[in-house]
Structures are given as structure tokens and as C-alpha cells.
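Now for the letters of each chain:
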Amino acid sequence: MFFFGVASAISATASTIESLTYIRTAQGFAGAAAAVIIQAVVRDMFDKEDFARTMSFVTLVVTLAPLVAPMIGGHLAVWFGWRSIFWLLTAFSGVVIAAVLWKIPETLAPENRQPLRFRTTIRNYLRLCKNPVAMGLMFSGAFSFAGMFAFLTAGSFVYIDIYGVTPDQFGYLFGLNIVTMIIMTSINGRMVKKVGLHGMLRFGLSIQLFAGLALLASGILDLGIWGTVPFVMLFIGTLSTIGSNSMGLLLSGYPTMAGTASSLAGTLRFGTGSVIGAIVAMLPGGTVWPMIALMAICSVLSAALYWAFGKKA
């Protein structure tokens, strides 16, 4: 977080797009560490259902960030200029560092600590990559998450340019996704100890698969904005449920290498999302099909990978 803050401050003073690009790359490397470590910390503190319950709220925050941040950044850029975004990130990193020092203890017992050996680290990554159950869980969560990137890439274009929604109305429709996700996260937190990780993961995947296929049907029948919005809400609303329970199953199988498993899962999640977003952007515009087709494909792949491999966890 310290290096993230330094990179944010340097970004705020960048004078060329080239230097900003390089600094932002370093900022991304530093910021990625927090997402990996916090999951390992939660894994140290909780087991199985308790882990999934806690991670559902952590995943909610992680998932809400790319949904809410563009709206906040857009207002900051209009009111104070684009550099204000990076000054805010600099200040925020300081707040996070203080909160970590104040509230988060060291959760890894000294007897469980391992020396840094790159050869061992690479072997651990290869061990994960060779395990079909682990990869099934990772890619199931990754494709579920990637469906959101399809919406983030084309959602505003579809809602505003094709369906004629005004920009301020789009903000409200966008907010419905967040409300749905909060509701689903609350349900997951209450139910996971009763039905287990697999039960809640299947619940989330089933709803998301239904939403993806319903989006296809909506496009075929040309049901318009109100044939699209409810199913987008359901699709995005399940992300924290799917993400937290798939990670709970994954990390419970690798308690001694939670950081390695978490980092690989996070890389695949955002990497898959980036690829899906790029595919949507490259497809021809002027139609809703790139967005809804990719969201449907992601829902099918996510469910299929779990049922083929992940259910054996």
C-alpha cells in the first residue's frame, strides 16, 4: 500500500501519457498485493463456511469497486481535474495503511512461515495449474467475473445509445446492480453455514446461468430495456456469492499455500475479464449482441467448469 500511494502521487504529477502509463503499471503491481494478501489473511482466521461468509463481504467490496469507482472518478475529473483522482488514491492509501496497522494483526503463526524460495513458489504454481479441480474452481469464478467486464465495456452504450436511456437514468439503473449484489451477499452470509459452500455456489451459478440465457432470449425476442435490466441485475448480483464460495473451496484445499492460490485465482479472474472486455470492444457496435452474447457465454462456461471439475472439491 505504501508503494501504491507513492505511485499514485507520482501519477498525479505526470506530464506525459507515456510516463503515466509506466507509473500506472507499477501502481497496479503494488495494488494487486493487497487483494492477494487479504484473502490469505481471511483464510488464516476462518475455515470453510466461516471463510465463505466473511469472503462474501470482502468480495462484495472488491466487486463494487470497479462498479462505483468510474462514477466517483468521473465526478472528480469534472469538478477538480483528472489529477485529483490520483491525489485521492494517495490519501486513501494512507488511510488503509493506518487501518491495517491499527486493526489487522499478523495472522500467520511463526511455525507456519516459509522462507522465500522462487523455485518452491514456481512448483506451487505448477501444482495448482496441474490440478483440474483447482483450475475448474478458478476459471468458474473467472468467467463469472468476466461477464461483468462485458457489461462494464458495453453497458453504457447499450443502455444510452441503443435503448435511449438518459445518462442520469443510467446511473440509477447501474445502481440497481449494486443493490442486487448487496442483497445476494446478505443471503449468502446467512445461508452458507446451513447449506455449505457447494450449495451456495450452485445456487449462485444457477441464477447467473438463468440470467445469461434470459439475456439471450431477450435479445432474440427484442424485449428492449426492461427485458435486459432485470437479468443484468441478477447476473451481476451473484458475483460475490460465486466468488466467495469458489475461493472458499479452493483455499480450503490448499491451507499452506493460500497466498499462491489466491494470487493465481486473482490473476486469472482479472485476466479473463480483460480478455472478455477486449473481445466485446472489438466486436461491431450498434447492437446489443456483443454484450449479451458474451455475458451468456461466460455464464455457461462458469457453470460448466464447476460441474465438470470444481464440484469434486
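This section reports on the structure supplied with the text. (Residues numbered from 1 in each chain as written. Predicted model: local features only at pLDDT ≥ 70, side-chain atom pairs only at ≥ 80, totals over all residues. Heavy atoms only, no water.)

1. Points about helix α1 (residues 2-12)
Put simply, the rule is: Think of it in three bands: residues with accessible area under 20% of the maximum for their type are buried, residues over 50% are exposed, and the middle band is partly exposed, with areas taken using a 1.4 Å probe on protein chains only. Helix and strand assignments follow DSSP, with helices taken as H or I runs no shorter than four residues and strands as E runs no shorter than two, numbered in order from the N terminus. Residues are treated as being in contact if the distance between any of their heavy atoms lies within 4.5 Å.
Considered for burial, the residues of α1 that qualify are F4, G5, A7, S8, A9, S11 and A12. Where α1 is buried, its residues touch α2 (17-45) and α4 (83-103).

2. Considering the packing of helix α6 (residues 132-162) against helix α10 (residues 258-282)
The following threshold applies: Fitted lines through C-alpha atoms give the axes, limited to the stretch in contact for helices. The angle between two N-to-C directions lies from 0 to 180 degrees. Left-handed describes a crossing whose near helix is turned anticlockwise from the far helix through less than a right angle; right-handed describes the clockwise counterpart. Amino acids outside the nonpolar list (Ala, Val, Leu, Ile, Met, Phe, Trp, Tyr, Cys, Pro) and the charged list (Asp, Glu, Lys, Arg) are all regarded as polar, and Gly is one of them.
The contact between α6 and α10 brings their axes to 7 Å, and the two run at 35 degrees. α10 is crossed by α6, and the crossing has right-handed handedness. Here the contact of α6 with α10 is composed, by residue class, of 18 nonpolar, six polar and one charged.

3. Some thoughts on the packing of aromatic side chains
Rule in force here: Note on aromatic contacts: the rings of Phe and Tyr and the six-membered ring of Trp form a pair at centre separations within 6.5 Å, being stacked when their planes are under 30 degrees apart, edge-to-face when over 60 apart, and tilted otherwise. For a lysine, the NZ atom is tested; for an arginine, the CZ atom; a charge sits over a ring if that atom is within 6 Å of the ring centre and within 35 degrees of the ring normal.
Enumeration over the complete set of coordinates arrives at 13 aromatic pairs. An angle of 55 degrees between the planes, with centres 5.4 Å apart, marks the rings of F145 and F149 as tilted. Remark: F149 and F145 occur in helix α6; sequence separation between them is four residues, near one turn of the helix. F149 matches F145 in its accessibility class, with the two residues each being buried. Three or more aromatic residues link up through ring pairs in this structure, and these residues are F151, Y159, F170 and F174. Positioned above the aromatic ring of W102 is the side chain of K103, whose terminal nitrogen or guanidinium carbon lies 4.8 Å from the ring centre. Geometry around F145 places R269 over its ring, the cationic atom sitting 5.8 Å from the centre.

4. Observations regarding empty space enclosed by the protein
Defined as follows: Using a grid of 1 Å spacing that covers the protein atoms alone, one calls a set of points a cavity when a 1.4 Å probe fits there but cannot get out, and a pocket when the set is open and has protein on both sides within 12 Å along at least five of seven lines; lining residues are those with an atom within 4 Å of a point. Grid points are joined across faces, edges and corners, and a volume is the space filled by probe spheres set on the points.
For the coordinates displayed, the defined rule picks out one cavity of 30 Å³ or more. What the largest cavity holds in volume is close to 240 Å³. Taken together, 22 residues make up the lining of the largest cavity; nearest its centre are Q39, T59, G243, M247 and R269. Listed by contribution, the elements that provide at least two residues to the lining of the largest cavity are α2, α3 (48-80), α6, α9 (239-253) and α10.

5. What about a nonpolar patch on the surface?
What counts, and what does not: Nonpolar side chains (Val, Leu, Ile, Met, Phe, Trp, Tyr) are joined into patches within 5 Å and like charges within 9 Å, using only residues with over 30% relative accessible area and no salt bridge. Where accessible areas are quoted, they stem from the Shrake-Rupley method and a 1.4 Å probe; at the residue level, only the protein chains shown are allowed to cover. The term salt bridge refers to a side-chain nitrogen of Lys or Arg lying within 4 Å of a carboxyl oxygen of Asp or Glu.
There is a patch of nonpolar side chains on the surface, built from V179, I183, I187, M191, V195 and F203 and spanning about 460 Å² of accessible area. Here F203 lies in helix α7 (residues 167-221).

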